[in-house]
Amino acid sequence: MDLRYSESDEKFRAELRAWLAQAVPAQGPPPASHDWPARRAYDTRWQRQLFEAGYAGLNWPREYGGRDASPSEQLVYYEETARAGAPYVGVNFVGVLHGGPTLVAEGTPAQKARHLPRILRGEEIWCQGFSETGAGSDLAALKTRAVRDGDDYVVSGHKIWCSFAHVADFGEFLVRTDPDAPKHRGISWLILPMDLAGIEIRPLPTLAGEGEFSEVFLNDVRVPVENRVGEENDGWRITNVTLRFERGTAFASEMVQLQQFLAELARIASRVTRAGARAWDDAGLRREIGHIAAELDALWAMVKLSVSKSTRTGVPGLEGSALKLYYTELYQRIAELGMRLLGRAALSREDVGGLPSRLLLHKALQSLSLTIAAGSSQIQRNIVAERILGLPKER
Amino acid sequence: MDFRVDEDQEALRDGIRSFCEGRFALDQLGTLATQGLDRGAWRELAEMGVFQLRLPEAKGGLALGMAEAVLVFAELGRRLVPGPLAWSQLAAELIPGAASGEVVVGGLDRMLPSSDPVLVESLNDLDALLVLRPDGIQRFDPRALHSVPVATPLDPLTPLHVVSELGEGERIAGPAVAQRWRLEGGALVAAQLFGIAEATQELATAYAKTREQFGRPIGSFQAIKHILADTFVRQELARAAAYAAGATLDHPEVGEPSRAVSSAKVVAGDAALANARACIQVHGGMGYTWEMPCHYYLKRTWVLSGLFGSGEEHSEQLAQHVAAAL
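Since the structure is predicted, the reported quantities are computational estimates derived from the model, not experimental observations. (Residues numbered from 1 in each chain as written. Chains lettered and ligands numbered in written order. Predicted model: local features only at pLDDT ≥ 70, side-chain atom pairs only at ≥ 80, totals over all residues.)

What about the sheet that holds strand β4 (residues 136-140) of chain B?
Strand pairing in a sheet is mediated by backbone hydrogen bonds. Such pairs are either parallel or antiparallel.
Residues and elements named next belong to chain B.
No. 1: Taken in spatial order, the four strands make up an open sheet running β1-β3-β4-β7, and their pairing is mixed. Either end of the sheet is taken by a strand with one partner, and the two such strands are β1 (105-109) and β7 (170-173). Going from strand to strand, the sheet's axes swing by 30 degrees on average, the running direction of each strand aside.
No. 2: Here β1 runs beside strand β3 (residues 128-133); their pairing, made up of five bridges, is parallel. Within β3, the residue paired with Leu108 across the bridge is Val131. (Pairing = 2+ DSSP bridges. Helix = DSSP H or I, 4+ residues; strand = E, 2+ residues; numbered from the N terminus. Axes fitted to C-alpha atoms, helices over the stretch in contact; angles between N-to-C directions.)

See below:
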């Protein structure tokens, strides 16, 4: 039960901090949120710089361009990149934080060699094609069909809520390869090149007014069988590997950023006045901020416990569901507090009256997705109840 | 950095857990409540190392740290072990006989002014009463104090006296020790609260697996599952916070100890309260009866929550930490 970082961790921290101090300012401000070509260029340029400096794929094996870093070095990385205000993983999210790790765990040598280094260098953007209109929380009910024809699968169906599909080169797609098997046993996991004939991508604007989502229509798309990850019909197990990455460590860097966001709210509270006094002079508001600080500290300690338990390249444990559940609901509370602090300025999505309305409303609106994506809070509670606590299934 | 409980710590925890399960069985709570402090059990706790844990070996201690103390106190919380446990462990460094369990030491936290009545836990069983004040720690002879017992204390296992006038005691330590004790005491009590959060989650989960309504275990209903999932999440958050408080007090270079203790006290206090309430709710009508252990956990939570700083006080302190870092 030791929180002390080793000398080599501290050496890693010092080098990383020094590198970030020059690299982050050089990266410049992010482009406008609707300018997707510019966003792809910005995010992939940062990924490339991380790679060249040796900080991409921290927990990935060295043979694929990773650093094979220890769990504690990964924590140092999250702490330092948040402190430095480094760019977010952005359009690299699916490749770097879940398609890639899934290939590391389950891919063939050829798939690993083909994709992993390119993902780490920012040369390959991935999207996710899991959900369908009839398969959200009940993901295993997905209907997109893949029929074997020689060395290809012929894939037809309709995927929805595909983040970054319109800028992606590849997608992690779940398809039904055995329509007669029980629903969990007829699914396969495919790597889908997004430039194949028969793929149509239509944007699906979010309630935040942003275009990161698309619908993907697949019409007799011929996908080589060699693009299948894992055995045919073993896709559900592979998916659970993917989802554990998404629920576990993928959020770690954002948790550290929330600490800074809370500090920003405290700064605003000391500037704005309500009923003739500074908002910060309200003891109730201070305690609310203090209480959230307690929860964030505890959450970060919980990440440390989880990371300490997971082996170097191991799959995060089921406690990722508990972390995701708490983190996402806490995020929404913090974002809501931000809107309350803005007062009338929260009516504008542009900065007004010297207050950062744009950022705070962006967080408040975007945070609504967190308790739905990657398994809704209700699904996470089922997972905790059934798979950790061992309670009987409802059906 | 390896935040896991290591093998030695696991052995220590397992030892204290099996001792508490044998000595403080939940079906004995009613009997325990009618007796005063069991001095035999107190000495056995001392032999297990509960009080001398952090003393140096030269003083007969185990030379362990707050991390280990947190693990031990979580176990004491799980089994609702009664008595002034945190005070007696803190006192082991100053009061001869406290470490061996021969001298039972209780305490009173008067670091912040308040209009609260002067209520002392377990006064009849104390050999020494220590009072934390901003200017230091004072020792009182509990038998010399003018006090009246409270006929029906909230927690059946925590007897209380009202002390009409405290006056001045013998000064045995300065303000620095008083400040340090308040932090260490906060971490120990946070650990007990985490133990309560864990125990009530386990009790409620076990009950939901066996209790049947509508022809099936109630734990198969999502309405119950989601309550229990939340108890687990709170428990794990409390565990992480309590462990972090222990680890940070042992090695202040990893963080601000007062911040870590405040966080643990807030989070573990919330977890114990919400989980003990959920435990009663999941037990339904049985949960509302005296014979089930659920209410003892909730009542102990109310006792412990106010010790070494309330959740409100610690939240305010955390806000000051946030402001100071701007």
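Further notes follow.
Describing helix α7 (residues 222-250) of chain B
No. 1: Along its 29 residues, α7 of chain B runs 42 Å from first to last C-alpha, staying within 8% of the 42 Å computed at 1.5 Å per residue.
No. 2: Counting buried positions along α7 of chain B yields 26 of 29 residues, so the element is predominantly enclosed. (Expected span 1.5 Å × (residues − 1). Buried ≥ 20, exposed ≤ 12 C-beta atoms within 10 Å, placed from the backbone.)

Description of the environment of Arg171 of chain B
Residue and element names in this part refer to chain B.
No. 1: Tracing the backbone through its elements, the reader meets Arg171 in strand β7.
No. 2: C-beta crowding within 10 Å serves as the criterion here: with 12 such atoms nearby, Arg171 is assigned to the exposed category.
No. 3: As for Arg171 and Ile137, which are separated by 34 residues in sequence, their C-alpha atoms are 5.9 Å apart.
No. 4: Those residues within four positions of Arg171 in sequence are excluded, and the remaining contacts are Gly136 and Gln138. (Contact = placed C-beta atoms within 7 Å.)

Quick word on the packing of helix α8 (residues 283-309) of chain A against helix α8 (residues 257-287) of chain B
No. 1: The geometry of α8 of chain A relative to α8 of chain B is characterised by a closest axis approach of 9 Å and an angle of 100 degrees between their N-to-C directions. Taken together, the axes of α8 of chain A and α8 of chain B lie roughly perpendicular to each other. Judged by residue contacts, His291, Ala294, Glu295, Asp297 and Ala298 of chain A of α8 of chain A engage Arg259, Ser262, Ser263, Val266 and Val267 of chain B from α8 of chain B.
No. 2: When its residues are assigned to classes, the contact of α8 of chain A with α8 of chain B shows four nonpolar, three polar and three charged. (Parallel < 35°, antiparallel > 145°, perpendicular 65-115°, else oblique. Nonpolar A, V, L, I, M, F, W, Y, C, P; charged D, E, K, R; others polar.)

Section: the interface of chain B and chain A
By convention, interface size is frequently given as the accessible area that disappears when the constituent parts associate.
No. 1: On the side of chain A, 43 residues touch chain B, which itself brings 50 residues to the contact.
No. 2: Take the side of chain B that touches chain A: its biggest share by element is 16 residues, from α7 of chain B.
No. 3: Its residues placed into classes, the side of chain B that touches chain A shows 26 nonpolar, 14 polar and ten charged.

Describing the sheet that holds strand β5 (residues 147-149) of chain B
All names here are of chain B.
No. 1: The antiparallel open sheet is built from three strands, whose spatial order is β2-β6-β5. Of all strands in the sheet, those with a lone pairing partner are β2 (119-121) and β5, marking the two edges. Going from strand to strand, the sheet's axes swing by 30 degrees on average, the running direction of each strand aside.

Considering the confidence of the model for chain B
No. 1: Overall, the predicted model of chain B reaches an average pLDDT of 96, with 100% of residues at or above 70.
No. 2: Per the prediction output, this complex has pTM 0.95; the corresponding ipTM is 0.97. (pLDDT = per-residue confidence, 0-100.)

Things to note about the domain arrangement of chain A
All names here are of chain A.
No. 1: Partitioning chain A into structural domains gives domain 1 (7-88), domain 2 (126-233) and domain 3 (248-388).
No. 2: Once you take the C-alpha centre of each, domain 1 and domain 3 turn out to be 22 Å apart.
No. 3: With eleven residues of domain 1 at the interface, the matching set in domain 3 holds eleven residues.
No. 4: Looking at the side of domain 1 that touches domain 3, its residues break down into five nonpolar, four polar and two charged. (Domains from an automatic or database assignment.)

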